[in-house]
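Structural description and commentary
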Protein chains: 2
Amino acid sequence: MSKWIYRFDEVSQPDPLLLGGKGSNLADMTRAKLPIPPGFIVSTAACHLAFANEGILPEPVHRQIGAAMRTLEQLTDKGWGRLENPLLVSVRSGAPISMPGMMDTVLNLGLNDETVEGLVQQTGNPRFAYDCYRRLIEMFGEIVLGIARDRFRHPQEGRHLDLDREDVSAEQLRDLIAQYHAIVVRETGRPFPHRVDDQLGRAVEAVFRSWNTPRAKTYRAVHNIADGLGTAVTVQCMVFGNLGDDSGTGVAFTRDPSTGESRVFGEYLPNAQGEDVVAGIRTPKPLHQLAEAMPACYRQLLTVCRQLEDHYRDVQDVEFTIERGRLYILQTRPAKRSGPAAVRIATDLVKEGIIDAKRALMMVEPEHLEHLLHPTIDEEAGITVIAQGLPASPGAACGRITLNANDAVHRASRGEGVILVRTETTADDIHGILAASGVLTSRGGMTSHAAVVARGMGKPCVTGCDALSVREEENACMIGQVRLTEGDVISIDGATGRVMLDAVTVRPAQLSDDVHRFLQWSDQERMLGVRANADTTEEARLARSHGAEGIGLCRTEHMFLREDRIPLVQSMLLASADDERQDALERLYALQHTDFYGILKEMDGLPVTIRLLDAPLHEFLPNLEQLAARQAELRVRLQYDPASESLRESWQETADLLNKVKSLHEHNPMLGLRGCRLGITFPEVYEMQVRAIFDAAVTLRREGLHPQPEIMIPLIAHAEEFRRLRMLVDRTAQRVFEQQAAEIPYLVGSMIEVPRAALTADAIAAAADFFSFGTNDLTQTTLAYSRDDAESKFLPVYLRDKLLADNPFAVLDEDGVGKLIAMAASQGRQANPSLKLGLCGEHGGEKRSISFCHRQQLTYVSCSPFRVPLARLAAAQTALSSELGKG
Amino acid sequence: MSKWIYRFDEVSQPDPLLLGGKGSNLADMTRAKLPIPPGFIVSTAACHLAFANEGILPEPVHRQIGAAMRTLEQLTDKGWGRLENPLLVSVRSGAPISMPGMMDTVLNLGLNDETVEGLVQQTGNPRFAYDCYRRLIEMFGEIVLGIARDRFRHPQEGRHLDLDREDVSAEQLRDLIAQYHAIVVRETGRPFPHRVDDQLGRAVEAVFRSWNTPRAKTYRAVHNIADGLGTAVTVQCMVFGNLGDDSGTGVAFTRDPSTGESRVFGEYLPNAQGEDVVAGIRTPKPLHQLAEAMPACYRQLLTVCRQLEDHYRDVQDVEFTIERGRLYILQTRPAKRSGPAAVRIATDLVKEGIIDAKRALMMVEPEHLEHLLHPTIDEEAGITVIAQGLPASPGAACGRITLNANDAVHRASRGEGVILVRTETTADDIHGILAASGVLTSRGGMTSHAAVVARGMGKPCVTGCDALSVREEENACMIGQVRLTEGDVISIDGATGRVMLDAVTVRPAQLSDDVHRFLQWSDQERMLGVRANADTTEEARLARSHGAEGIGLCRTEHMFLREDRIPLVQSMLLASADDERQDALERLYALQHTDFYGILKEMDGLPVTIRLLDAPLHEFLPNLEQLAARQAELRVRLQYDPASESLRESWQETADLLNKVKSLHEHNPMLGLRGCRLGITFPEVYEMQVRAIFDAAVTLRREGLHPQPEIMIPLIAHAEEFRRLRMLVDRTAQRVFEQQAAEIPYLVGSMIEVPRAALTADAIAAAADFFSFGTNDLTQTTLAYSRDDAESKFLPVYLRDKLLADNPFAVLDEDGVGKLIAMAASQGRQANPSLKLGLCGEHGGEKRSISFCHRQQLTYVSCSPFRVPLARLAAAQTALSSELGKG
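This is a predicted model, so every value here is computed, not measured. (Residues numbered from 1 in each chain as written. Chains lettered and ligands numbered in written order. Predicted model: local features only at pLDDT ≥ 70, side-chain atom pairs only at ≥ 80, totals over all residues. Heavy atoms only, no water.)

1. With respect to the overall build of chain A
- A tally of regular secondary structure across chain A gives 36 helices and 31 strands.
- Computed over the C-alpha atoms, the radius of gyration of chain A is 32 Å, within 12% of the 29 Å expected from 2.2 N^0.38 for a compact globule of 887 residues.
- Overall, chain A is about 100 × 75 × 55 Å in size when its C-alpha atoms are taken along their principal axes.
- Here chain A, with 887 residues, has 58% of them falling under the buried criterion. (Helix = DSSP H or I, 4+ residues; strand = E, 2+ residues; numbered from the N terminus. Rg over C-alpha atoms; globule rule 2.2 N^0.38 Å. Buried < 20%, exposed > 50% of the residue type's maximum accessible area, 1.4 Å probe, protein only.)

Structure (structure tokens):
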């Protein structure tokens, strides 16, 4: 017969796929003689069995559970379902990959109208015993029986107990239990199950079911966890943290998860059950206060933490309960940590000789390095602090106050910055946290839901801000004495816990020495070069300070689109005479010269890839629809006031401009007159840009610097386009060199961002020095997804309905776009063995896409300056992984 | 030493690449003892030599020309450059592939101030001799010396001779020659060359140069002739058609090139040089009048025509000159012919046992079959004939009068139909003819420039319309008594020569029995199936009558876009309540049921591929820009008239509609919410369509017919999209079958029109019954060319500058799009060996693209009903070619 159940003390080695992460750890810790309450695991195999059987566990599994319960009775000398010394158990989920807070838990199983009296005798604390029973009915009702939680919260109008207050009597609780029983009957048509085996079996099934709740699915989608894994369930003897002041419950991190500092860090609630800490309903005390309250327990906890860290060679997140002065460890897992903490912990563990640098590199999520670069507040620019909370997730954020998750998504989709302001958050708010720039809650601690989720996502978060009181029905909140309404702007600083009025000035982050050392380890391991996308001197400087080995993409249209230059570009486009156009071009030349001079100087000695003008022409012109409206308006005004000369003139001017804009209008500008098509149609614009680049480079050369310009031609679809424009570049460069009597080494390369370019890469490579895969455009054309339209129209539906696993604009579509890249890379190298290959789309800063680039043996990726450290680490990790794969 | 020169009588076999088409033929005819004036060929090798030497022929070539001239002196007993019995020669181009009228010719070489007196003595006709000399100086001046022609036309102000009038005296001509000599000195700084070897050598070089004139390049671009071929030149003894009434010149076709009728057909001009016929300056006489004027010559001509046709096994276009009663053949070549003539000639030659059916199939250009389908005029609908000209190229056309080629291009680019109306056309008008729907000229015959070019392009053309007088300076023309200005609409009937006022009603063509027989021969040879694109019952009927083996593409959005249905579609989209939307859907269902019933009935027993809704939603809504203008207008009116309730209501309505339209607006609709993305986002629309298809099919099945619906899902990019929508189709079909207690066999397939679909074809094929390559969209995305934008913006520049050889929307881009198709076809077949493969873009009706489909072993192509015969023939020709290639 198959084995579905594993006792903690009979597991010989961890097997998270079968036993779940939590179950594996509990077994592990049991073997290590740590103070673990006894229990057993219902395996993921049983979970799959239940899913295949409409959620119901077959009888053989129930029988094995029964046998395991009998062993627990022996181990604890308590009785399951018995009045005397009753055995109570918890049922918790334990998935192969941790999903904190996402799935259900049922506590206090084993209580019924009889055994509760046994618990009263056992503990001598009727108030506690009835409260346990009350909690069981409420949790079982909600999770197993599907009764909405608020049915229990307001059992009778006009009689609502504040159950956390100590002055609720045992009598009142007993009355409440009677009411709860009635509620169960009313809501489900059947009484609460008094048979303890029923309670246990149905609780296990319910926890399995919770794998498929929408919030769990969302979490897995966000964190890329496979739906098919399923979960295990642990059944464990209950220990009670709410038996009085010599009891309590808490969470300990073996190091500080915000800073990485090497000291045990955590929180606890005296006289409370574990769920009270996680739910953030009561604000917990810092762990060091436990040293005063229960010094022995505190010392034991420190020892256990050291043991755990040595055992797992990583920082642990430990749940513990103290029952009447006795410490129990309920679970341990690798601690979620902030970006700075992740790097510090990894480097400290290397310094302490616990791990080597390679293991350290694998311990930091690449995204964490992006968090490190979160801007901080410029204190000198003047800030108005209106409240102080807990520093739950570092980083500064400004945004409009938004009081619920749906509104946050809505505002964010309009491009607004949002601070999600809540009393507390729950798993139902995840989409709102995802959409917000930052989160502020009035309740909860450093390990509350809001804090854990925000840290995971790298969002600034302030929790436990007592001065905050949310008034949802008024669309407003009070922060201290200040009343703010939805839409008002505030700022939060997740590193200090401060809440500020209005938007504050933020400063880019500085990388610590630890981070630099860590990134140097990365650089030793990675094969892939890392460059940055930068359009200004400032961005270039930032990129260099983050370790970029050059600029992979400098978008010259961003220079054209600056507000002060648009009129020049317009006069170039709209010029009625050649000399007028020439004049505009000369003035643009002067500005571009300054642009290129600054960037090339900043990147002295490193390659700078400059892409010639790419944007559709009409992007530089006024909006067609507004212009049509304006013209209609003027026409009507002129009808009412036919004598007005100024109206007539305005009307005529608008009409002329409208005609010009119409003539440049395109139905599908992404597929229109842009990129190299501009260079072919208006060669004078590209000539001007190339002249500005080489004039600037020659000037720098004279100053003793070593500019390395690489000219990149966008939107190539045919080799002949590239050949002709390369001739234009070479000719213009030669002319500059002759005039200036100087020579600068340079490269000319092609963007590969049109499928046809990838399909005919051999012909293009024969004439090109390098390729750069423009994966934003290549994704657009290969999938026929207009980025703007798709992300606001059908893409959300596709992601929701799992037609797509990832947004292809965020994570490279390897099956489609990737195939083209692989083809082009291999054909290109064959035609031109010295061809350099880069990638400069958004994907250049995304870890899975970076791994793809490594596997394709590209020369470099180029990404936002803020993502350069991420890319350095991701490139190292993928190199290490393939090394492991080979070994 | 290399041989550059070949005498006609020393060539043993044709070699058009070396000798040119004309030279090969002349040598051939010389060998066949036909009456050919003696001469020799300067080969294409000499042409390449000249091009490599800045256009100058090296001395050895000149020496070989000199030797050949001495042989001509011996053969003719005339003297080159001698006063007594002077030898005159012509220099003509002769390219490997004929380019009629495109390149230069110089006649009467060998005349100078001395030898002209010899010609006076030789002919006893001083007026003729001086006219020859005058023509030489004019032609030599223009072609060799580059003097603009009008310098000769107006040599002195106030003294302009009408040189074609007979009352110009020899004296006057001699004066003119003196003036011409002065013009040559003034324009070039040197005298007209009197050394006859100089004349000849420089004329040969000039004709070589004319290979590279813009008009010749345009012609080659239009007709896909390689620029690298170069041309040969023939030097031939002059014979004179202008020595009096017993002389003349003309063109004979061995069969009628308009109808294919088996009778010698042509035109001649008495007492004229050959150039006068081709130039269309004088209107020639029909050839049968030669039978009366010079019966012996006429009989000899008929015999020669028979000889030529037997020799070449094809209809010949023969240039002849009669010099004082003696017939000379100047050149022969395969005759350009109209579509009907091509088919009739091919079938007649088979009937006459001259060729077999396979050769006949190779003798007809596939495009010719499209010409056959040109609509004719519905005589009963009432027409106003205002003039009668020559029926120069069959077909009926309506359009706006346009008096010059540039305006024709301009108007046509705005989508207007254009009739190009000219006194005569020249090679400089080609782009105008290409743009026009039809051509009308006042001068010229059936073999004039306009007629030849229009027939080649399959455009209706009427020439020699004496009643027409063009007044370009007034932007007007008189046709008989009617004065019409540019932009007025007329119609022409190229089959009868009629010119009509306004637009006439046209009727689709009927295919003759000859054509049907010819197409049956095609069907025996081809491997590729041919289906039609049809959206209505009428189109389906037409398609079937043209031999379509099914419908390869029925576009349901065309059904939605019918004027009477748009309000229904709008109310479906804009419905504020579910039942409102459901109501609109039900009404659309009823209409679609009728659509599908009609089409499936028409195609009984043949497959009908129905594509589910593809168009972007906002196509069904009002224009955004107009709506914005309308709203602005109403807003201003309301400011002036604030009390008006009706204005306020209109304004509110417009504002609401504007918001809705904005919310559906997309930046790049081609890459937006359309195709299967509609089906995923609004499944109820696809469900409605599928229900209508199967309900209609079941109804037909009950009537004893055999509907074969094939459901096609557009814009698939991911296999998962296809799988889900296939489930929707299958589920809906099953529901219909259950309700109706009937079953219809059907297929479900995927459009392959997004690069990603081609790249992941194996996964899609595993779930699909067929693929249909949508090459319009696939071209758009693979090349990143928005069809609308590209064709009006950069594509014309690309084609002009030869960045592209062909418009990729007309001729399939084999290197790019073709590679994706080949990949998808092979992967698809591997994943699903029973997969059917079709192609349904515009390219399905283009011969080179059809050849590609044959080579990829696709199952079928689908094209416009009008192109079905073309596709049948093209498929046969490509099959025959590959058979030959193998043999």
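2. Quick word on the interface of chain B and chain A
- Chain B puts 61 residues into the contact, and the matching count from chain A is 61 residues.
- Note on chain B versus chain A: buried area summed over both sides is about 5,400 Å², and carbon and sulfur give 59% of it.
- Three residues, Glu625(B), Leu671(B) and Leu803(B), lead the burial of chain B against chain A; their summed loss comes to 12% of the area buried on that side.
- For the interface between chain B and chain A, the tally reads six salt bridges.
- Here Arg635(B) ties to Glu633(A) by a salt bridge, and the two come within 2.9 Å at their closest N and O atoms.
- Our count for the chain B to chain A interface comes out at 26 residue pairs in polar contact (both at pLDDT 80 or more).
- Top element by residues in the side of chain B that touches chain A is helix 24 (residues 624-640) of chain B. It accounts for eleven residues. (Contact = heavy atoms within 4.5 Å. Buried area = accessible area lost by both parts, 1.4 Å probe. Salt bridge = Lys/Arg side-chain N within 4 Å of Asp/Glu carboxyl O. Polar contact = N/O pair within 3.5 Å; in protein donor to acceptor, adjacent residues only side chain to side chain.)

3. Some words on the sheet that holds strand 1 (residues 5-7) of chain B
Residues and elements named next belong to chain B.
- Spatial ordering of the open sheet is given by 1-2-5-3-4, a layout of five strands whose pairing is antiparallel. Single-partner strands in this sheet number two, and they are strand 1 and strand 4 (105-109). The average angle at which neighbouring strand axes cross in this sheet is 20°, direction not considered.
- Here six bridges tie strand 3 (residues 89-94) to strand 5 (residues 232-237), and the two strands are oriented antiparallel to one another. In the strand pairing of strand 5, Ser93 is matched with Val233. (Pairing = 2+ DSSP bridges. Axes fitted to C-alpha atoms, helices over the stretch in contact; angles between N-to-C directions.)

4. So, the packing of aromatic side chains
- Evaluation of the coordinates by the stated rule reveals 27 aromatic pairs over all chains.
- Measuring from centroid to centroid gives 6.2 Å for Tyr133(B) and Phe192(B), while their planes differ by 70°, and the two rings are edge-to-face. Of this pair, Tyr133(B) sits in helix 5 (residues 126-143) while Phe192(B) sits in the loop between helix 7 (170-188) and helix 8 (196-209), and the two are 59 residues apart along the sequence. For the pair Tyr133(B) and Phe192(B), a shared accessibility class is recorded, and that class is buried.
- Counting every residue linked through ring pairs, the aromatic cluster contains Tyr133(A), Phe140(A) and Phe192(A). (Phe/Tyr/Trp six-rings, centres within 6.5 Å; stacked < 30°, edge-to-face > 60°.)

5. A closer look at the relation of the copies chain B and chain A
- You can overlay chain B on chain A at an RMSD of 0.3 Å; the transform is a turn of 180° with a shift of 0.2 Å along its axis. Such values leave the two copies arranged in the relation of a two-fold axis.
- Looking at chain B, 100% of its interface residues are interface residues in chain A too, so the copies touch through the same face. (Least-squares fit on C-alpha atoms with pLDDT ≥ 70 in both.)

6. Considering the sheet that holds strand 6 (residues 248-253) of chain B
All names here are of chain B.
- The strand order across the open sheet formed by five strands is 8-7-6-9-10, and the pairing between neighbours is antiparallel. What marks the edges here is a single partner per strand, and that holds for strand 8 (285-286) and strand 10 (326-334).
- As defined by bridge partners, strand 7 (residues 265-270) adjoins strand 8 across two bridges and the pair is classed as antiparallel. Note that in strand 8 the partner of Glu267 across the bridge is Pro286.
- Those strands touched by helix 12 (residues 295-312) are strand 6, strand 9 (316-323) and strand 10, and its axis lies near 30° from that of strand 10.

7. Observations concerning the nonpolar core
- The biggest cluster of nonpolar side chains holds 226 residues, and the ones touching the most others in it are Phe771(A), Phe771(B) and Phe773(B).
- If we ignore the near neighbours within four places in the chain, the residues touching Phe771(B) are Ser750(B), Ile752(B), Ala761(B), Ile764(B), Ala765(B), Ala824(B), Gly828(B), Leu835(B), Lys836(B), Leu837(B) and Gly838(B). (Core = buried A, V, L, I, M, F, W, Y, C linked by side-chain atoms within 4.5 Å.)

8. Points about the packing of helix 1 (residues 16-31) of chain B against helix 12 of chain B
All names here are of chain B.
- Contact pair helix 1 / helix 12: the axes reach a minimum separation of 12 Å and the direction vectors enclose 115°. Classified by the angle between their axes, helix 1 and helix 12 sit roughly perpendicular to one another. The handedness of the crossing between helix 1 and helix 12 is right-handed. Contact residues: Asn25, Asp28 and Met29 in helix 1; Leu308, His311 and Tyr312 in helix 12. (Parallel < 35°, antiparallel > 145°, perpendicular 65-115°, else oblique. Left-handed = near helix turned anticlockwise from the far one by under 90°.)

9. Remarks on the confidence of the model for chain A
Residues and elements named next belong to chain A.
- Scored by pLDDT, chain A has a mean of 89; 96% of the residues are at 70 or more.
- Note that pLDDT drops below 50 for residues 156-160; the model gives that stretch five contacts with residues more than four away or on any other chain.
- Taken together, the chains of this predicted complex give a pTM of 0.75 and an interface ipTM of 0.74. (pLDDT = per-residue confidence, 0-100.)

10. Some remarks on unusual backbone geometry
All names here are of chain A.
- Although it is not a glycine, Glu54 adopts a positive phi angle of roughly 60°.
- With respect to the secondary-structure elements, Glu54 resides in the loop between helix 2 (44-51) and helix 3 (59-76).
- Exposure remark for Glu54: the relative accessible area of 77% places this residue in the exposed category.

11. As for helix 23 (residues 578-602) of chain A
- Spanning 25 residues, helix 23 of chain A covers 36 Å between terminal C-alpha atoms, matching the ideal 36 Å at 1.5 Å per step.
- Those residues of helix 23 of chain A lying buried are Ala584(A), Leu585(A), Leu588(A), Tyr589(A), Gln592(A), His593(A), Asp595(A), Phe596(A), Gly598(A), Ile599(A) and Leu600(A). (Expected span 1.5 Å × (residues − 1).)

12. Considering the pattern of salt bridges
All names here are of chain A.
- One pass over the full model with this rule turns up 126 salt bridges over all chains.
- A salt bridge links Arg306 to Asp310, with the shortest nitrogen-to-oxygen separation between them at 3.9 Å. In this pair, Arg306 and Asp310 both sit in helix 12 (residues 295-312), four residues apart, roughly one turn of the helix.
- Among the ionic pairs, Glu416 bridges to Arg400, the shortest N-O distance being 3.7 Å. A residue pair is termed long-range when its members are at least 10 positions apart, and Glu416 in the loop between helix 16 (405-413) and strand 15 (418-422) and Arg400 in strand 14 (residues 396-402) qualify at 16 residues.
- Assessed through its relative accessible area of 25%, Glu416 is described here as partly exposed.
- Through salt bridges with shared partners, a single ionic network connects Arg255, Arg306, Glu309, Asp310 and Glu352.

13. Quick notes on helix 20 (residues 537-545) of chain B
Residue and element names in this part refer to chain B.
- Among the residues making up helix 20, those that are buried are Ala540, Leu542 and Ala543. Seen along its axis, helix 20 keeps its buried residues to an arc of 165°; they face one direction.
- Taken together, the buried residues of helix 20 touch strand 24 (529-533), strand 25 (551-555) and helix 23 (578-602).
- Directly after helix 20, the chain includes Gly547, whose backbone phi takes a positive value near 95°. (Arc of directions from axis to C-beta.)

14. A closer look at the packing of helix 27 (residues 683-702) of chain B against helix 28 (residues 719-740) of chain B
All names here are of chain B.
- Between helix 27 and helix 28, the least distance of the axes is 9 Å, while the angle of their chain directions is 40°. Considered as vectors, helix 27 and helix 28 are oriented oblique to each other. Read as a crossing pair, helix 27 and helix 28 show a hand that is right-handed. Contacts between helix 27 and helix 28 involve Pro683, Tyr686, Glu687, Val690, Arg691, Phe694, Asp695, Val698 and Arg702 from the former and Leu725, Leu728, Val729, Arg731, Thr732, Ala733, Val736, Phe737 and Gln740 from the latter.

15. Describing the side chain of Thr878(A)
All names here are of chain A.
- For Thr878, the position within the fold is in helix 36 (residues 868-886).
- The class for Thr878 is buried, based on a relative accessible area of 8%.
- Engagement of the side chain of Thr878 in a polar contact is seen with the side chain of Ser851, the distance being 2.9 Å.
- With residues up to four places along the chain from it excluded, the contact list for Thr878 reads Ser851 and His854.

16. What about the environment of Pro60(A)?
- As for its placement among the helices and strands, Pro60(A) is situated in helix 3.
- In sequence terms Pro60(A) and Ser2(A) are 58 residues apart; their C-alpha atoms lie 8.9 Å from each other.

17. Describing the side chain of Thr254(A)
Residues and elements named next belong to chain A.
- Structurally, the position occupied by Thr254 is in the loop between strand 6 (248-253) and strand 7 (265-270).
- Among the residues examined, Thr254 registers a relative accessible area of 6% and is labelled buried.
- Within the structure, Thr254 has its side chain in polar contact with the side chain of Glu309 (distance 2.7 Å).
- At 2.9 Å, the side chain of Thr254 forms a polar contact with the backbone nitrogen of Gln316.

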